[in-house]
Amino acid sequence: MAKPNKKVAGGGIDFERKRIVSLINSMVDAVIAVDDNLKVTLYNGAALNILDRNTSLAGLRIGDVCQLIDKKQKNADIEKFIQKTTSQKTSRDFRLRYSDGSNINVYLSVAVVSLGFGTGGKGGYIIIMRDITREKSLEEERDEFISVVSHELRTPIAVAEGNISNAQMIIAKSGRHDSTVDDVLDQAHNQILFLGGLINDLATLSRAERGRLNLEIEPINAHELVRELAQNHKPDAKSKNIALHVKADPELKLLHSSKLYVREILQNFITNAIKYTDKGSVTIAAYNSKVGVCFEITDTGIGISKGDQAKVFGKFFRSEDFRTRKNTGTGLGLYVTSKLADLLHATISVESKLNEGSTFGITIPNLKSKKK
Ligand code: ADP
C-alpha cells in the first residue's frame, strides 16, 4: 500500500513556496523579491528574460543584476530607488541597460512587504518590471505629431483671429452695426480664441511631456509680476462685474525661477478663477515661503466638490457641474499647469468648498541657473 504523501496532502512551507513560485512564474511581468539587504530571494522566468540572464539570481544583490539609466541618460541606482520606497513607488522613466550597451524602456514598480518574501519572515521588497519600449516610442511619435500639427496651425489661426478683429474694428468705426453680423463675428472671434488656446496648451503639453521645455532661470520680481497679471486680467474681471484684488507682501524677496512658466501657471489659475466665478471677487496673493515664493489665487465662485478636487489636474478633466459646462474650456489648463509645476519643482495645492469658492496655491522654490 502506498504511504500517504503528507507533504502534498497537508501543504507545509515547501508546498506554499512552490505554489507562490508557480503563481509568479505564470505572470508575464518580471517579479523579483528582495530581502532587507536587497538580495534576491525569489524571482520568475520573466525576470530572467528581462534581465537577459540564464543563471540563478538567488542571493545576488539587485544592484549587481539590474543597471538602470535615467531620463538624462545617467546611471541610476536601483538600490537607492528601492530604499527610498516607503509603501509603493512606480516609474516609467527608467531604461534598463544591458552589458552590450543596449537598453530598453521599463515600467518599474517597487512595493514594501513586511512578511513572506523576505528571508526568515523579515521585511523586503517586491519589484515588478515590464518592457515598455514600444509604448514609449508610440508616445514619442504621438507627441511629435501633436507638436508639428500645433506648430503648423498657429499661423493660420493667428491670421484668422487678426482678420476677424479687424472686421470687428472696421464695423465699430463705421458705426454701421448689424446685430446679426456683430453676433456672427463675436462667435467666430470667441471660437478662434478658444482654438488658439487649445493649440497652445497642446503644444506646451507635448513639449512638457517630452521633457523638451527649456528652463531659463531669471530673477523675478514677484511684486511686479502679480500687479502686471492683475492689470492684464482686469478687463475680463470687469466684464463679469467681479472685483480683482492683489495682496502682495511688501517684503517679497526676489524669486529665481522661469518667469515664462511662473506667469503661465498663474495666468491659468487667474483665468479659471474669473471664469468659474459669477459674483464676488478674485484675490491674487503672494508671500515669502521658506523655499521661495508662495502664490494663492482665491475666488468666491462655484467651488469644486471633494470628489472633483482630486481630478482637476487630470488630462481633459472638466467637472460635470452645469456651471462649468456653460463656459468653454478644454480641460487641459490645469494639466499643463501641473506639468509646468513639476518642471519648476513647485508644489500645488487646492482648497475648495462647493458654492463658496476655491483657492489654488503654488509654492515656487528658488532654482539655480545652469552655468553656461
Ligand atoms: P478648463 O479648460 O475646463 O477650464 P482646466 O484644466 O483649467 O480646464 O480646469 C479643469 C476643471 O477644473 C474645470 O473644467 C473646472 O471644472 C475645474 N476648475 C478649475 N478651476 C476652477 C475654479 N477656480 N473654480 C471652480 N472650478 C474650477
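Parameters at a glance
- Residues numbered from 1 in each chain as written.
- Predicted model: local features only at pLDDT ≥ 70, side-chain atom pairs only at ≥ 80, totals over all residues.
- Heavy atoms only, no water.
- Helix = DSSP H or I, 4+ residues; strand = E, 2+ residues; numbered from the N terminus.
- Expected span 1.5 Å × (residues − 1).
- Buried < 20%, exposed > 50% of the residue type's maximum accessible area, 1.4 Å probe, protein only.
- Contact = heavy atoms within 4.5 Å.
- Polar contact = N/O pair within 3.5 Å; in protein donor to acceptor, adjacent residues only side chain to side chain.
- Pairing = 2+ DSSP bridges.
- Axes fitted to C-alpha atoms, helices over the stretch in contact; angles between N-to-C directions.
- Phe/Tyr/Trp six-rings, centres within 6.5 Å; stacked < 30°, edge-to-face > 60°.
- Lys NZ or Arg CZ within 6 Å of the ring centre and 35° of its normal.
- Near = heavy atom within 4 Å.
- Areas by Shrake-Rupley, 256 points an atom, 1.4 Å probe, with all protein chains shown as cover.
- Nonpolar A, V, L, I, M, F, W, Y, C, P; charged D, E, K, R; others polar.
- Core = buried A, V, L, I, M, F, W, Y, C linked by side-chain atoms within 4.5 Å.

A.B. asks: Account for helix α7 (residues 179-209), naming residues and giving values.
C.D. replies: Look at α7: 44 Å from first C-alpha to last across 31 residues, which is about the 45 Å you get at 1.5 Å a residue. Turning to α7, its buried residues are Leu185, His189, Ile192, Ile199, Asp201, Ala203, Thr204, Leu205, Ser206 and Ala208. Buried residues in α7 make contact with α6 (133-174), α9 (259-275) and α12 (333-343). Between the side-chain oxygen at the start of α7 and the backbone nitrogen of Thr180 there is a gap of 2.9 Å, and the oxygen is on Asp178.

A.B. asks: So what's going on with the sheet that holds strand β4 (residues 75-76)? Which residues, and what values?
C.D. replies: Read from one edge to the other, the open sheet built from seven strands follows the order β2-β1-β7-β6-β5-β3-β4, with strand pairing classed as antiparallel. Each edge of the sheet is formed by a strand with only one pairing partner; in this case those strands are β2 (40-43) and β4. Direction of pairing for strand β1 (residues 30-35) relative to β2: antiparallel, over a ladder of three bridges. In the strand pairing of β2, Ala33 is matched with Leu42. Across the sheet, helix α2 (residues 13-25) is in contact with β1 and β2; its angle to β2 comes to roughly 60°.

A.B. asks: Quick one: what's the story with the packing of aromatic side chains, residue by residue and with numbers?
C.D. replies: Tallying each qualifying case throughout the model produces three aromatic pairs. Judged by centre distance (6.2 Å) and plane angle (75°), the ring pair of Phe313 and Phe360 falls under edge-to-face. Here the residue Phe313 occupies a position in the loop between α10 (306-309) and α11 (322-325), and Phe360 occupies one in strand β14 (residues 357-365), the gap between them amounting to 47 residues. Residue Phe360 is classed as buried on the basis of its relative accessible area of 8%. Members of the aromatic cluster, connected to one another through ring pairs, are Phe269, Phe313 and Phe360. Looking at Lys89, its charged tip hangs above the ring of Phe81, at a distance of 4.4 Å from the centre. Over the face of the ring belonging to Tyr107 we find Arg130, whose NZ or CZ atom lies 4.5 Å from the ring centre.

A.B. asks: Quick one: what's the story with the site of the ligand, residue by residue and with numbers?
C.D. replies: Lining the immediate surroundings of the ligand are 21 residues, of which Asn272, Tyr276, Arg318, Thr330 and Leu334 lie closest. Here Asn272 contributes a side-chain N or O atom positioned 2.9 Å from an oxygen atom of the ligand. Within the backbone of Ser319, a nitrogen or oxygen atom sits 3.1 Å from an oxygen atom of the ligand. The fraction of the free accessible surface of the ligand (530 Å²) that becomes covered by protein chains is 97%. When contributions to the shell around the ligand are tallied by element, the ones reaching two or more residues are α9, α12 and β14. A total of three residues in the shell around the ligand trace back to one element, the largest contributor, which is α9. A breakdown of the residues in the shell around the ligand according to their chemical character gives nine nonpolar, nine polar and three charged.

A.B. asks: Residue-level account of the sheet that holds strand β9 (residues 243-248), with values.
C.D. replies: With mixed pairing, the five strands of this open sheet are ordered in space as β9-β11-β12-β14-β13. A strand with exactly one partner marks an edge of an open sheet, and here the two such strands are β9 and β13 (347-353). The sheet shows a mean angle of 10° between the axes of neighbouring strands, direction not considered. Two strands pair when backbone bridges link them, and β9 and strand β11 (residues 281-288) are joined in this way by six bridges, in the parallel orientation. The residue bridging Ala243 from the neighbouring strand is Ser281, located in β11. Taken strand by strand, helix α8 (residues 222-239) contacts β9, β11 and β12 (292-299), and its axis lies near 175° from that of β9.

A.B. asks: Can you explain unusual backbone geometry? Please cite residues and give values.
C.D. replies: Negative phi values dominate among residues other than glycine, just as trans dominates among peptide bonds. One non-glycine residue, Gln73, lies in the positive phi region at around 65°. Of note, Gln73 is situated in the loop between β3 (67-69) and β4. A relative accessible area of 52% places Gln73 in the exposed class. Look at His345: it is not a glycine, yet its phi comes out positive at around 55°. Tracing the chain through its elements places His345 in the loop between α12 and β13.

A.B. asks: Describe in detail the nonpolar core, supporting the description with residues and values.
C.D. replies: With 45 residues, the main nonpolar core has Val262, Leu266, Phe295, Ile297 and Ile362 as its most contacted residues. Ranked by residues supplied to this core, first place goes to α9 with eight residues. The contact partners of Leu266, leaving out residues within four places of it in the chain, are Leu225, Leu229, Phe295, Ile297 and Ile362. Counting residues in hydrophobic clusters, the runner-up holds 29 residues, among them Ile32, Leu51, Leu57 and Leu96.

A.B. asks: Please give an account of the side chain of Thr283 that cites residues and values.
C.D. replies: Topologically, Thr283 is positioned in strand β11. Excluding its chain neighbours within four sequence positions, the residues that come into contact with Thr283 are His245, Lys247, Glu296, Ile297 and Thr298.

Functional significance is not addressed by these values, which are geometric in nature.
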